[in-house]
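Working through the structure, step by step
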Amino acid sequence: MKGLIKRIILAAGYELRHKSVATADPFRQQSMLLSGVLAPVIFDAGANTGTIAETYRYIFPDAKIYAFEPFAEVFEELERSVCRDKRIIPRKLALGSAPATKVLRVNASSATNSLLETEDSAASFWGEGLLETTTTVEVQVATIDEFCSENKIESIDVLKIDTQGTELEVLRGAAGMLSRGRIRIIYTEMIVVPSYKGQSKPHELMSFLDGFGYDLLGLYNLWSRNDGRLLQMDAIFVRSQSIGCDSQERISLRKVG
């Protein structure tokens, strides 16, 4: 979604400032954290057309990647884009806190489709032609715990979440895996400005994950307007005991501020 956001906001007369407060880009960071894992299992929640799944394939040549995309038209494009890669497994599902059939809002940009309604004030932050809902469709929602149980998946090395405001719901549906420490890295988008009704807030995500022993490792891809208003950012969380002094030195972490 990042590239599309940049083009639309620039067209609306805003300047986006892209900053990182970590020592490496998020994918390099994940590569270092999983340096000893030969064939990681990766969940791409909100895969859209597969761009991030293909990035993970480049970084982790032997990874098994489950790519979740609920919207039929986009899912078809996802299938076409990864059809030659038998270790990228597309699934026409949304992920959430409970199995259900829910209404997906199909927006002007498919990258902003969401199970949540668009906030009335969203255009004041993002501009026109992005989050306006054009139609709705019913989609199937599964939980990570349910999916892992049914597919005999014992652990997830990377859980990437970009689900347009429902990131906390995705994590709630993974409570079993989280409580057993079966998810090593969580890489999630966090929207800061009001964009969707009932959207996950950064402090809610941090508090929820803290309850399962996950620490915030770093913030990446901070997008802000030229007036200084932060719009969204990405974050990596890891289990507290998984990052010791040796690992911190290896990935060159530094205190910010």
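Look a little higher up for the structure.
Computed from a predicted model, the values in this text were never measured in an experiment.

Some details on the pairing of strand β8 (residues 156–161)
- Within β8, six of the six residues are buried, which leaves it mostly tucked inside the rest of the structure.
- In the sheet, strand β2 (residues 41–45) pairs with β8 via four bridges, with the strands oriented parallel. Across the sheet, residue Asp 44 finds its bridge partner in β8, namely Lys 160.
- One ladder, built from five bridges, connects β8 with strand β9 (residues 183–191); its direction is parallel. Looking at the pairing, Val 158 lines up with Ile 185 of β9.

Comments concerning helix α9 (residues 202–210)
- All buried positions along α9 are accounted for by Pro 202, Leu 205, Phe 208 and Leu 209. Relative to the axis of α9, the buried residues are bounded by an arc of 135° and lie together on one face. Facing away from the buried side of α9, by more than 90 degrees, are the exposed residues His 203, Ser 207 and Asp 210.
- For α9, the secondary structure elements touched by its buried residues are α7 (167–172), α8 (175–179), β9, β10 (214–224) and β11 (230–239).

Describing the pattern of salt bridges
- Per the stated rule, a full pass over the model turns up seven salt bridges.
- With its nearest N and O atoms 2.6 Å apart, the salt bridge here joins Asp 85 to Arg 57. Remark: Arg 57 occurs in helix α3 (residues 51–59) and Asp 85 occurs in the loop between α4 (72–82) and β4 (88–91); sequence separation between them is 28 residues.
- Asp 227 is the partner of Arg 225 in a salt bridge, and the nearest nitrogen-oxygen pair spans 2.6 Å.
- A single network of salt bridges, built from pairs that share partners, joins Arg 105, Glu 117 and Lys 197.

About the cut-offs
- Residues numbered from 1 in each chain as written.
- Predicted model: local features only at pLDDT ≥ 70, side-chain atom pairs only at ≥ 80, totals over all residues.
- Heavy atoms only, no water.
- Buried < 20%, exposed > 50% of the residue type's maximum accessible area, 1.4 Å probe, protein only.
- Helix = DSSP H or I, 4+ residues; strand = E, 2+ residues; numbered from the N terminus.
- Pairing = 2+ DSSP bridges.
- Arc of directions from axis to C-beta.
- Contact = heavy atoms within 4.5 Å.
- Salt bridge = Lys/Arg side-chain N within 4 Å of Asp/Glu carboxyl O.

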